[in-house]
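Topology and contacts: notes
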Amino acid sequence: MLTLYGSPKTRSSRVQWLLEELGVPYELKNIDLKTGDSKSPDYLKIHPHGAVPALVDGDKCLIESAALCAYLADKYGKFSPRVDSAERGDYYQWLFYGVATLEPPLMKVFMHTARYPEDKRVPAIAEEGKQGFQSCATVLEDHLRTRNYILGKDFTAADCVVGSLLAFAKNLGLTNGYPTIEAYVARIKSRPAFQRMIATPA
């Protein structure tokens, strides 16, 4: 059985969401990031950086949330375009866009408006993050205007990555003025698998 190591409201949520979409059995093990669980010798053997998520599949142990989503979609033959399809390149593009382009500005906003103690927050960095997100949001607003999901009419693992980040952006109050993105976020959050993930968060 698959084992997902995660923590609530972290990148592990997107992997758990995909597992729920796939409908495959898995065990969820919560790692308390506040108590030092993630730095224990046993857990460091699973994730050498002491972070989440990590996925154990038999004797294979994998890290990096987008990679886990891609791996699971391919393993079970669902929610990813065929390797020889014209959409496969687009699929890779959006998986990497999520973690390499969209996520960094969001983390700047989050860290410098919510996560860090007030005396450690730098408003200029938060503003830089907001501007970076706006650049991404302009692209995504246009891209999603004629699509239900990232690749078109069908849900894929790329939606778990990009969609989870846009839901995070909405929680940060950054999606006001982007009605297409807000409609997309509402669409993905209404999916039964997303609701199951929220009910039993990693």
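The notes below deal with the structure included here. These numbers come from a predicted model, not from an experiment. Think of each chain on its own: its residues are numbered from 1, step by step along the sequence as written. Local features are withheld for residues below a pLDDT of 70 in this predicted model, meaning they are given only at 70 or higher, and side-chain atom pairs are given and counted only at 80 or more; totals for whole chains, interfaces and linings count all residues. Side-chain measures here rest on the full set of heavy atoms in the structure, leaving out hydrogens and waters.

1. Some thoughts on the packing of aromatic side chains
The rule is short: rings of Phe, Tyr and Trp, with Trp giving its six-membered ring, pair when the centres are within 6.5 Å, and they are stacked under 30 degrees, edge-to-face over 60, tilted in between. This structure, assessed with the given rule, holds nine aromatic pairs. With centroids separated by 5.8 Å and ring planes inclined at 50°, the aromatic side chains of Tyr-5 and Tyr-43 adopt a geometry described as tilted. Linking Tyr-5 in strand 1 (residues 2-6) with Tyr-43 in helix 2 (residues 41-46), this pair joins segments that are 38 residues apart in sequence. As far as burial versus exposure is concerned, Tyr-5 and Tyr-43 are alike and both buried. Ring geometry for Phe-133 and Tyr-178: centres 6.4 Å apart, planes at 85°, overall edge-to-face. In this pair, Phe-133 is assigned in helix 5 (residues 123-144) and Tyr-178 in the loop between helix 6 (157-171) and helix 7 (179-189), connecting sequence segments 45 residues apart. The helix and strand labels rest on DSSP assignments: H or I over at least four residues marks a helix, E over at least two residues marks a strand, and numbering proceeds from the N terminus. Only protein chains enter the calculation, and the probe is 1.4 Å; a residue is then buried if its accessible area is under 20% of its type maximum, exposed if over 50%, and partly exposed in between.

2. Some thoughts on the layout of surface pockets
Counted as a void, the largest pocket has a volume near 1,300 Å³. Around the largest pocket sit 36 residues that line it, and Pro-8, Lys-9, Thr-10, Arg-11 and Phe-168 are the ones nearest its centre. Those elements that provide at least two residues to the lining of the largest pocket are helix 1 (12-22), helix 4 (87-115), helix 6 and helix 8 (192-199). By residue number, the principal contributor to the lining of the largest pocket is helix 4, which donates six residues. Under the grouping applied here, Gly and all other residues not named as nonpolar or charged are polar, the nonpolar ones being Ala, Val, Leu, Ile, Met, Phe, Trp, Tyr, Cys and Pro and the charged ones Asp, Glu, Lys and Arg. Broken down by class, the residue content of the lining of the largest pocket amounts to 18 nonpolar, nine polar and nine charged. Of the two site types, the cavity is a set of points on a 1 Å grid over the protein atoms alone where a 1.4 Å probe fits but cannot get out, and the pocket is an open set with protein on both sides within 12 Å along at least five of seven lines, each lined by residues with an atom within 4 Å of a point. Grid points are joined across faces, edges and corners, and a volume is the space filled by probe spheres set on the points.

3. Things to note about the pattern of salt bridges
The working definition used for a salt bridge is a side-chain nitrogen of Lys or Arg within 4 Å of a carboxyl oxygen of Asp or Glu. Taken as a whole and assessed by the stated rule, the structure comprises ten salt bridges. Among the ionic pairs, Asp-74 bridges to Arg-88, the shortest N-O distance being 2.9 Å. With Asp-74 in helix 3 (residues 65-76) and Arg-88 in helix 4, the pair connects residues that are 14 residues apart, well separated along the chain. You can call Asp-74 partly exposed: its relative accessible area is 40%. Look at Arg-88 and you get buried, because its relative accessible area is 5%.

4. Details of the pairing of strand 4 (residues 60-63)
One ladder, built from four bridges, connects strand 3 (residues 54-57) with strand 4; its direction is antiparallel. Along strand 4, the bridge assignment pairs Leu-55 with Leu-62. Strands are treated as partners if at least two bridges between them are detected by DSSP. Between strand 3 and strand 4, which follow one another and run antiparallel, lie two residues, and Gly-58 among them has a positive phi close to 65°.

Keep in mind these values describe shape, not function.
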